[in-house]
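Structural description and commentary
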Amino acid sequence: MSEQKPLAGGSRLTDDLREELLSRPEVILADKDVMRALVGAHERSLGGNIIDLRGAAMKRLEGRLDQLEATHRSVIAAAYENLAGTNLIHRAVLELLEPSDFGVFLERLETRVAETLRLDSLRLVLEARGSDPVLERYSGVIHIVEPGFIGEYLNEMTEYRAPVTLRGVIEGAGEVHGRAEGHIRSEAVLALDLGAGRLPGMLVMGSAEGEQFAPRQGTDLLRFFGSVFSLTLRRWLA
């Protein structure tokens, strides 16, 4: 039977446990609850009139460690979310590049692309002078507007046009989102560069969730998607 060593409080520590702790002290150091209990016992043994600077320093280091762990988890979560978003954008781009017919391209945009990006509405808005019978055939996904409409919709006071605008849905957005207007709570507006001599366009993504598109979010992936879409659309409009 293992011999027991007397402790200060009258309890005893078995030889086996003592040998285990001496051979593997890192076990205690790695356990925050055990270390907190040891520091607390040490402070109590000093009495109320003694300030233990080592204990105070240890508490501060422990707080910093908790902050580092929280930051680490946040960084991992953000990286995972960014990877998942990248995969969705890549899949949507492949859906854009596959069709060999303009009608199929627009149908993909309204169905597969919107589903891949988890959108509740997706519409292409083009400025045009007068009517265009070809484009009007696809009024479900294409919305034709008067010149200057896009600048007003984005509330732009200068010639600069941000590649991507994220925001809650504004008043008067109903005609842009079409049939889904009553359900849309936030939107991403992608400005389209359709080449020299052409009026501007925009691709409007709508979501029923108010926080899906917010100004504080990053736009790199949507800017990439908007660039690919602009180049692809130029080919069809030509």
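Labelled according to an unreviewed UniProt entry, the protein appears under the name DUF484 family protein, originating from Falsigemmobacter faecalis.

Remarks on the environment of leucine 88
Mapped onto the fold, leucine 88 is located in helix H4 (residues 53–97). The class of leucine 88 is buried, set by a relative accessible area of 15%. Measuring from C-alpha to C-alpha, the distance between leucine 88 and leucine 117 comes to 6.2 Å, with 29 residues separating the pair along the chain. Other than its neighbours up to four places away in sequence, leucine 88 contacts Thr116, Leu117 and Arg118.

Details of the pairing of strand S3 (residues 121–127)
Among the seven residues in S3, seven count as buried, and that is most of the element. Along S3, one buried face is formed by Ser121, Arg123, Val125 and Glu127 and the opposite face, lined by Leu122, Leu124 and Leu126, is buried too. Relative to strand S7 (residues 201–207), S3 runs antiparallel, the two sharing six bridges. By the bridge assignment, valine 125 is partnered in S7 with methionine 202. Of the pairings in the sheet, the one linking S3 to strand S4 (residues 142–145) comprises four bridges and is parallel in character. Directly across from valine 125, in S4, lies its bridge partner histidine 143.

Some words on the packing of aromatic side chains
For the structure shown, the criterion picks out five aromatic pairs. When the ring of phenylalanine 105 is compared with that of tryptophan 236, the centres are 6.0 Å apart and the planes differ by 35°; the resulting orientation is tilted. With phenylalanine 105 in helix H5 (residues 102–116) and tryptophan 236 in helix H9 (residues 220–237), this residue pair connects regions lying 131 residues apart in the sequence. Among the residues examined, tryptophan 236 registers a relative accessible area of 22% and is labelled partly exposed. Taken together, the ring pairs connect Phe102, Phe105, Phe229 and Trp236 into an aromatic cluster. Above the plane of the ring of tyrosine 153 lies arginine 167, whose end atom (NZ or CZ) is 4.9 Å from the centre. When the ring centre of tryptophan 236 is taken as reference, the NZ or CZ atom of arginine 235 above it lies at 4.8 Å.

Thresholds applied
Residues numbered from 1 in each chain as written. Predicted model: local features only at pLDDT ≥ 70, side-chain atom pairs only at ≥ 80, totals over all residues. Heavy atoms only, no water. Helix = DSSP H or I, 4+ residues; strand = E, 2+ residues; numbered from the N terminus. Buried < 20%, exposed > 50% of the residue type's maximum accessible area, 1.4 Å probe, protein only. Contact = heavy atoms within 4.5 Å. Pairing = 2+ DSSP bridges. Phe/Tyr/Trp six-rings, centres within 6.5 Å; stacked < 30°, edge-to-face > 60°. Lys NZ or Arg CZ within 6 Å of the ring centre and 35° of its normal.

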